[in-house]
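# Descriptive structure summary
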Amino acid sequence: MTTGTTDPFAYHAPTSVREASQALSRYRGDAKLLAGGHSLIPMMKLRIASPQAIIDLRNVEGLRGITENDDGSITIGAMTTYHELVTSDVINSKAPAIAQAASQVADTQVRNWGTIGGSLAHADPAGDLPAVAVALGMEINSASARSSRSISCDRFFRGYLETALRANEVLTGVTVPAQAEGSGSAYVKLANKASHYAIVGVAASVTIDGGGICTEARIGITGAGPHAIRSRRAERILVGKELTESVINRAAQRGGADIAGMFNDDVHASAEYREAMTKVYTARAVSAAVACADA
Amino acid sequence: MNVEVTITVNGTEHRLQVQPRTLLSTLLRDELDLTGTHVGCDTSSCGACTVLVDGNATKSCTMFAAQADGSSVTTVEGLASNGELHPIQEAFREMHGLQCGFCTPGMMITAVQILERNPSPSEAEIRSGLRGNLCRCTGYHNIVRAVQHAASSAGGA
């Protein structure tokens, strides 16, 4: 044996969401869906996860690709890789924060396999895409053998590695709502130097009307707390105002207010440091989103 | 229960029965005896195990062999053809892009993908492209020069 390995498991590669969901039901919560595998396989090697079965989604029809819809929204299949997001013209022009976040994930090998669906369903507290999902107001689409539904990003992330997905549901993709005229988005992060995981990552989306007033703002923060969290207290300071440097800085001071008492405190950074950096990176993300809206 | 995997490696098709938990790196090294693919960290950090799967640089320690069913894989053994070194191998030799050589197969495979996606990368683009490959000897300078050399020999930058 030349390499480390995982505990044994049964392997299934269904061709439809229905079959995948049925397999999940059959194993009663002791099966894991495999997308790109770049979070799951390392966890299995560490025995953080030892599922009885792996349900590989690679052959499931209809889970890949980026589609621009007639109403201006964008649908992204769950199995779409970071690399595909980074190199997509639609994403770069309509929702640049997604490309910015995807381009900052780990390294090229990981971006070739890691997927948007995997990132959201895994809900790593330091994952990049969850923050962007929150800032862009994405709808997370899921399906079981019998039904399908959309879950608002505001209700999707529940806790550490915990989402609103039911045990038999497959995350099939996301819908990025149409961004209004005068909108801009950005994602910035303070990355751990070795892993490139976010110590703090902030995604911001703003809409600015013809008179230069911010009519809508959404801020999603990752890395700082147990899961991606919407920074409503900072958003409130931005809406209804001209986004001058002083307004942005005032909002940024409230950047971590929605995470108070929940800041992660670990070997990578203290809670105090994360709180301080949340303010700094909130200011940077909002400024970059404003610059994007102006462009 | 074993799974059947049909995989083309360096142009040769293989059909194997493997345990589902068999990693692609294990299949290559233990089943096919292609030990040019090195396993360093086994935690998808170091990139020594990088191979091309359908043209995409892939850390083969972070993929089950079953996931590669139906795929075409290129390992370092598949870079040279007809006794001629691949331009990236030639460039690593020319620019002394290695010392102990442990990371070299992964470095060269990743470099192949870098140049395939961008024939004239800047130094910064090369360094960022190699971010998933760790070298403990060279300090990276000659590795970057080797990739630049391969790009310019191929008529790029």
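Residues numbered from 1 in each chain as written. Chains lettered and ligands numbered in written order. Predicted model: local features only at pLDDT ≥ 70, side-chain atom pairs only at ≥ 80, totals over all residues. Heavy atoms only, no water.

For the rest of this paragraph, the subject is the sheet that holds strand β4 (residues 56-59) of chain B. All names here are of chain B. One open sheet accounts for five strands, arranged β2-β1-β5-β3-β4; its pairing is mixed. Strands with a single pairing partner mark the edges of an open sheet, and in this sheet they are β2 (12-18) and β4. Between one strand and the next, the sheet's axes are offset by a mean angle of 40°, whatever the strand orientation. Relative to strand β5 (residues 72-74), strand β1 (residues 3-9) is paired through two bridges, and the arrangement is parallel. The partner of Val9 across the bridge, within β5, is Val73. Running at roughly 40° to strand β3 (residues 50-53), helix α3 (residues 104-117) makes contact with β3, β4 and β5 of the sheet. (Pairing = 2+ DSSP bridges. Helix = DSSP H or I, 4+ residues; strand = E, 2+ residues; numbered from the N terminus. Axes fitted to C-alpha atoms, helices over the stretch in contact; angles between N-to-C directions. Contact = heavy atoms within 4.5 Å.)

A few words now on the packing of helix α11 (residues 245-253) of chain A against helix α12 (residues 271-294) of chain A. All names here are of chain A. It is at 8 Å that the axes of α11 and α12 come closest, and there the two elements cross at 140°. As summarised for this structure, α11 and α12 are arranged oblique, according to the angle between their axes. For the pair α11 and α12, the sense of crossing is right-handed. Of α12, the residues touching α11 (which contributes Ile248, Asn249, Ala252 and Gln253) are Lys279, Thr282, Ala283, Val286, Ser287 and Val290. Partitioning the contact of α11 with α12 into residue classes produces five nonpolar, four polar and one charged. (Parallel < 35°, antiparallel > 145°, perpendicular 65-115°, else oblique. Left-handed = near helix turned anticlockwise from the far one by under 90°. Nonpolar A, V, L, I, M, F, W, Y, C, P; charged D, E, K, R; others polar.)

Let's shift gears to the confidence of the model for chain B. Residue-level pLDDT values for chain B average 96, and 98% of them are 70 or greater. The complex model carries a pTM of 0.96, and its ipTM stands at 0.97. (pLDDT = per-residue confidence, 0-100.)

We now examine the side chain of Thr81 of chain A. Following the sequence through the fold, Thr81 of chain A ends up in the loop between β5 (74-77) and α3 (82-86). Dropping the residues within four chain positions of it, Thr81 of chain A is found in contact with Arg111, Asn112, Trp113, Gly114 and Thr115 of chain A.

This part covers the interface of chain B and chain A. Each partner contributes to the interface: chain B provides 32 residues, whereas chain A provides 30 residues. Overall, the association of chain B and chain A removes approximately 2,600 Å² of surface from exposure, summing both partners, and the carbon and sulfur fraction of that is 54%. Connecting chain B to chain A are three salt bridges. For Asp69 of chain B, the salt bridge goes to Arg58 of chain A, with nearest N and O atoms at 3.8 Å. In this structure, the connection of chain B to chain A is made through 17 residue pairs in polar contact (both at pLDDT 80 or more). (Buried area = accessible area lost by both parts, 1.4 Å probe. Salt bridge = Lys/Arg side-chain N within 4 Å of Asp/Glu carboxyl O. Polar contact = N/O pair within 3.5 Å; in protein donor to acceptor, adjacent residues only side chain to side chain.)

The subject of this paragraph is the environment of Gln22 of chain A. Its location among the elements puts Gln22 of chain A in helix α1 (residues 17-26). Each C-alpha atom, one on Gln22 of chain A and one on Ser144 of chain A, is 7.8 Å from the other, the two residues being 122 residues apart in sequence.

Before going further, it helps to spend a moment on helix α5 (residues 96-103) of chain A. Burial analysis of α5 of chain A places six of its eight residues in the buried class, the great majority of the element. Buried residues of α5 of chain A: Pro96, Ala97, Ile98, Ala99, Ala101 and Ala102 of chain A, and no others. (Buried < 20%, exposed > 50% of the residue type's maximum accessible area, 1.4 Å probe, protein only.)

Let's shift gears to helix α1 (residues 24-31) of chain B. One full turn of an α-helix is made of 3.6 residues, so residues set three or four places apart face in the same direction. Residue and element names in this part refer to chain B. Burial analysis of α1 places six of its eight residues in the buried class, which makes it a mostly covered element. Along α1, the positions that sit buried rather than exposed are Leu24, Ser25, Thr26, Leu27, Leu28 and Arg29. The secondary structure elements touched by the buried residues of α1 are β1, β2, β3 and β5. Remark: Asp33 follows α1 within two positions and exhibits a positive phi of approximately 60°.

Moving on: the nonpolar core. All names here are of chain A. Of all hydrophobic cores here, the largest spans 40 residues; its most connected members are Ile76, Ile98, Leu120, Val132 and Phe156. Listing elements by their share of this core, those giving two or more residues are β5, α3, α5, α7 (116-122), α8 (129-135), α9 (153-156), β10 (170-176) and β12 (198-208). The residues touching Val132, leaving out its near neighbours within four places in the chain, are Ala97, Ile98, Ala101, Met138, Tyr187 and Ala203. Ranked by size, the runner-up nonpolar core spans 34 residues in total, among them Ala186, Ala224, Ala285 and Ala289. (Core = buried A, V, L, I, M, F, W, Y, C linked by side-chain atoms within 4.5 Å.)

Unusually for a residue other than glycine, Ser44 of chain B sits at a positive phi of about 55°. Residue placement: Ser44 of chain B occurs in the loop between α1 and β3.

Right, let's get into the packing of aromatic side chains. Residue and element names in this part refer to chain A. One pass over the full model with this rule turns up two aromatic pairs over all chains. Their ring planes at 90° and their centres at 5.0 Å tell us that Phe156 and Phe157 sit as a pair that is edge-to-face. We note that Phe156, like Phe157, is buried. Directly above the ring of Tyr281 sits Arg284, whose terminal nitrogen or CZ lies 4.7 Å from the centroid. (Phe/Tyr/Trp six-rings, centres within 6.5 Å; stacked < 30°, edge-to-face > 60°. Lys NZ or Arg CZ within 6 Å of the ring centre and 35° of its normal.)

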